[in-house]
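# Analysis of the macromolecular model
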Amino acid sequence: MGRLFGTDGVRGIANQDLTNELAMKIGAAAATVLIRESKSEKPTVLIGKDTRASGDMLEAALTAGFCSVGCNVLSVGVVPTPAVAYLVGLYECEAGVMISASHNPCEYNGIKIFQKSGYKLDDAIEEEIESIVLGEGEKPDTKFAGEVGNRLYCKTAVSDYIQHVVGTTDVRFDGLRIALDCANGSASVCAKEIFTTLGAKCYLLSDTPDGVNINDKCGSTHPEELMSFVKDAGLDLGLAFDGDADRMLAVDENGELVDGDKVIAICSKRMKDEGRLKKNTAVVTVMSNMGFFSFCREQGIECAKTAVGDRYVLERMLKDGYNIGGEQSGHVIFLDYATTGDGELSGVQLLETVVKSGKSLSRLASVMTVYPQVLINVEVSAEGKQKYNNDEYIIAAIQKAEMELMGDGRVLVRVSGTEPLVRVMLEGKDIDHITRLGEEIAAVVKERLS
């Protein structure tokens, strides 16, 4: 078995890669590592999930694992991932688990683990849990009789989380007409109440989850319907979340997409103007558009770059004391209010900026010019993912493209941390040119690694 933890927890096809047996082992192993310092006779672990049909099955398996080593489990039901990160501290639990595969199709699921601080696990803790699961570390201390854990239920989780998000702004959204695409996922249980509580008139899309329609041609990975709806209905803007609502993309009044880079640009500029941008810096990944870096230079904002993955953005923010960062895909971390990316909180902060500025979202977004970008996802085998870094033909194809661009663009090819994909991304001034170069690299990757 290879490494269990990717860039965002353990993920795979439910009941095939991510089995009940594996989930139960992860529960027992995670408890063994995370409750060592607990003084409680029966420490409590909080478990939330998104709307996938496999969520109940995996929750039962995880619960069995936690209870088998003497942990109580507090089940909070369907909530966004950032709700788990927030509630684990509010309810004074020793750890939190979110069962979700985020933006992936319904057949996938995943396990994301949070420490009692609300932050995701660092590499060292993940490796220790993994060694126990694989039978290489200490054996979990199985309990018997009255020492086994119990399953508890919480009915206030959603309302407590809504109160938290609403409390991150003192601005009302009265008069704004907005659309919310809930991706048939976790946002379905709370997005409408968050934004109506703040005064907005809300129109809901993809808010009727049935266990299999999560992320299905909707949400932040498929915002086309939202883009048309906002424009045709004459709304002020729209917000699209992913399956577990930890990311958000916006749509302006003209039906144009406002991605994570632009959201960070808009909000970091306001924070700078208000004197709240810590160390005058925004944190993004190497996948951010070249236009974002130009925006930073023009606005006098420092830009810190990290590897791809919101965990690396967060690590840099914590290490150097920054308070905003994120990814083009819509993971945005407002560290003054949250310990992880939060799509609905990001939406609240974006709307606050719209209201305070008195400007339309399109005008705010114009602060950043987007360079043409091509992204091609190439399906590869598990073995291919391992071989990528040392393949001389792929390296040569990338170098050839870089020479052709001659400094007027860039090439970034990387292995996905959560899916069996190699992502080929190019930016430049000429869309036709970078498209041709991207297709050439993708063809080599497919030939060598599929």
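Everything quoted here is computed from the prediction, not taken from an experiment. (Residues numbered from 1 in each chain as written. Predicted model: local features only at pLDDT ≥ 70, side-chain atom pairs only at ≥ 80, totals over all residues. Heavy atoms only, no water.)

### Overview of the overall build of the protein
- A count of helical and extended segments in the protein gives 15 helices and 19 strands.
- Taking 450 residues into account, the globule formula puts the C-alpha radius of gyration at 22 Å, and the protein, at 22 Å, falls close to it.
- When its C-alpha atoms are laid out on the principal axes, the protein stretches across 70 × 60 × 40 Å.
- Here the protein holds 450 residues, and the buried ones make up 58% of them.
- Long-range pairs, those at least 24 residues apart, make up 71% of the contacts in the protein between residues at least 6 apart in sequence.
- For the protein, the centre of its 47 positive side-chain charges and the centre of its 67 negative side-chain charges are spaced 3 Å apart. (Helix = DSSP H or I, 4+ residues; strand = E, 2+ residues; numbered from the N terminus. Rg over C-alpha atoms; globule rule 2.2 N^0.38 Å. Buried < 20%, exposed > 50% of the residue type's maximum accessible area, 1.4 Å probe, protein only. Contact = heavy atoms within 4.5 Å. Lys, Arg positive; Asp, Glu negative; His and termini not counted. Charge placed at Lys NZ, Arg CZ, Asp CG, Glu CD.)

### Observations concerning the pattern of salt bridges
- The full count for this structure, using the stated rule, is 37 salt bridges.
- Across the pair Asp-141 and Lys-143 runs a salt bridge, and its minimum N-O distance is 3.0 Å.
- When its relative accessible area of 24% is taken as the criterion, Lys-143 is described as partly exposed.
- One salt bridge connects Arg-436 with Glu-440, and the closest N-O pair in it is separated by 3.0 Å. Taken together, the residues span about one helical turn, with Arg-436 and Glu-440 both in helix 15 (residues 431-449) at a distance of four residues.
- Look at Glu-440 and you get partly exposed, because its relative accessible area is 34%.
- Connected through shared salt-bridge partners, Asp-8, Arg-11, Lys-112, Lys-120, Asp-244, Asp-246 and Asp-310 make up one network. (Salt bridge = Lys/Arg side-chain N within 4 Å of Asp/Glu carboxyl O.)

### A word on the nonpolar core
- One finds Phe-173, Ile-178, Ile-194, Phe-195, Leu-239, Phe-292 and Ile-324 to be the most contacted residues of the largest nonpolar core, which totals 67 residues.
- Here the element with the most residues in this core is helix 8 (residues 260-273); it accounts for six residues.
- Ignoring any residue separated from it by four or fewer positions in sequence, one finds Leu-239 in contact with Ala-179, Leu-180, Asp-181, Phe-195, Leu-226, Met-248, Leu-249, Ala-250, Gly-347, Leu-350 and Leu-351.
- Within the second largest apolar cluster, 35 residues are counted, among which are Leu-18, Ala-31, Val-33 and Cys-67. (Core = buried A, V, L, I, M, F, W, Y, C linked by side-chain atoms within 4.5 Å.)

### Thoughts on unusual backbone geometry
- At Ser-102, a residue that is not glycine, the phi angle is positive and equals roughly 55°.
- You can see Ser-102 is positioned in the loop between strand 5 (95-99) and strand 6 (108-115).
- Of note, Ala-183 is a non-glycine position whose phi angle comes to about 60°, a positive value.
- When you line up the elements, Ala-183 lands in the loop between strand 8 (177-181) and helix 6 (191-197).

### A few points about the sheet that holds strand 12 (residues 257-258)
- The five strands are arranged 9-8-10-11-12 in an open sheet whose pairing can be described as mixed. At either end of the open sheet lies a strand with only one pairing partner, and these are strand 9 (201-205) and strand 12.
- Bridge count for strand 8 against strand 9 is five bridges, and the pairing is parallel. Bridge assignment links Arg-177 to a residue of strand 9, and that residue is Lys-201.
- Docked against the sheet, helix 11 (residues 343-357) engages strand 8, strand 10 (237-241) and strand 11 (248-251), running at close to 165° with respect to strand 10. (Pairing = 2+ DSSP bridges. Axes fitted to C-alpha atoms, helices over the stretch in contact; angles between N-to-C directions.)

### A word on the side chain of Ser-186
- The residue Ser-186 is located in the loop between strand 8 and helix 6 in this model.
- Overall, Ser-186 belongs to the buried group, its relative accessible area being 0%.
- Engagement of the side chain of Ser-186 in a polar contact is seen with the backbone oxygen of Val-79, the distance being 2.9 Å.
- When neighbours within four sequence positions are excluded, Ser-186 is seen to be in contact with Lys-49, Asp-50, Thr-51, Val-78, Val-79, Pro-80, Met-98, Gly-243 and Asp-244. (Polar contact = N/O pair within 3.5 Å; in protein donor to acceptor, adjacent residues only side chain to side chain.)

### Focus on the packing of aromatic side chains
- Counting across every chain of the model gives three aromatic pairs.
- Ring plane angle 55° and centroid distance 6.3 Å describe the contact between Tyr-203 and Phe-229, whose orientation is recorded as tilted. Separated by 26 residues along the polypeptide, Tyr-203 in strand 9 and Phe-229 in helix 7 (residues 224-233) bring together distant segments of the chain.
- Following the ring pairs from residue to residue traces out a cluster consisting of Phe-292, Phe-293 and Phe-295.
- Across from the ring centre of Phe-293, 4.7 Å away, lies the NZ or CZ of Lys-305, which sits over that ring.
- Across from the ring centre of Tyr-312, 5.8 Å away, lies the NZ or CZ of Arg-311, which sits over that ring. (Phe/Tyr/Trp six-rings, centres within 6.5 Å; stacked < 30°, edge-to-face > 60°. Lys NZ or Arg CZ within 6 Å of the ring centre and 35° of its normal.)

### Re the sheet that holds strand 17 (residues 373-379)
- The strand order across the open sheet built from three strands is 17-19-18, with neighbouring strands paired in antiparallel fashion. Looking at the sheet topology across the chains shown, the edges are occupied by strand 17 and strand 18 (409-415). Taking each pair of neighbouring strands and ignoring which way they run, the sheet shows an average axis angle of 10°.
- By the bridge criterion, seven bridges tie strand 18 to strand 19 (residues 421-428) in an arrangement that is antiparallel. Residue pairing for strand 19: Arg-414 is matched across the bridge by Arg-423.

Keep in mind that these numbers describe shape and distance, not what the molecule does.
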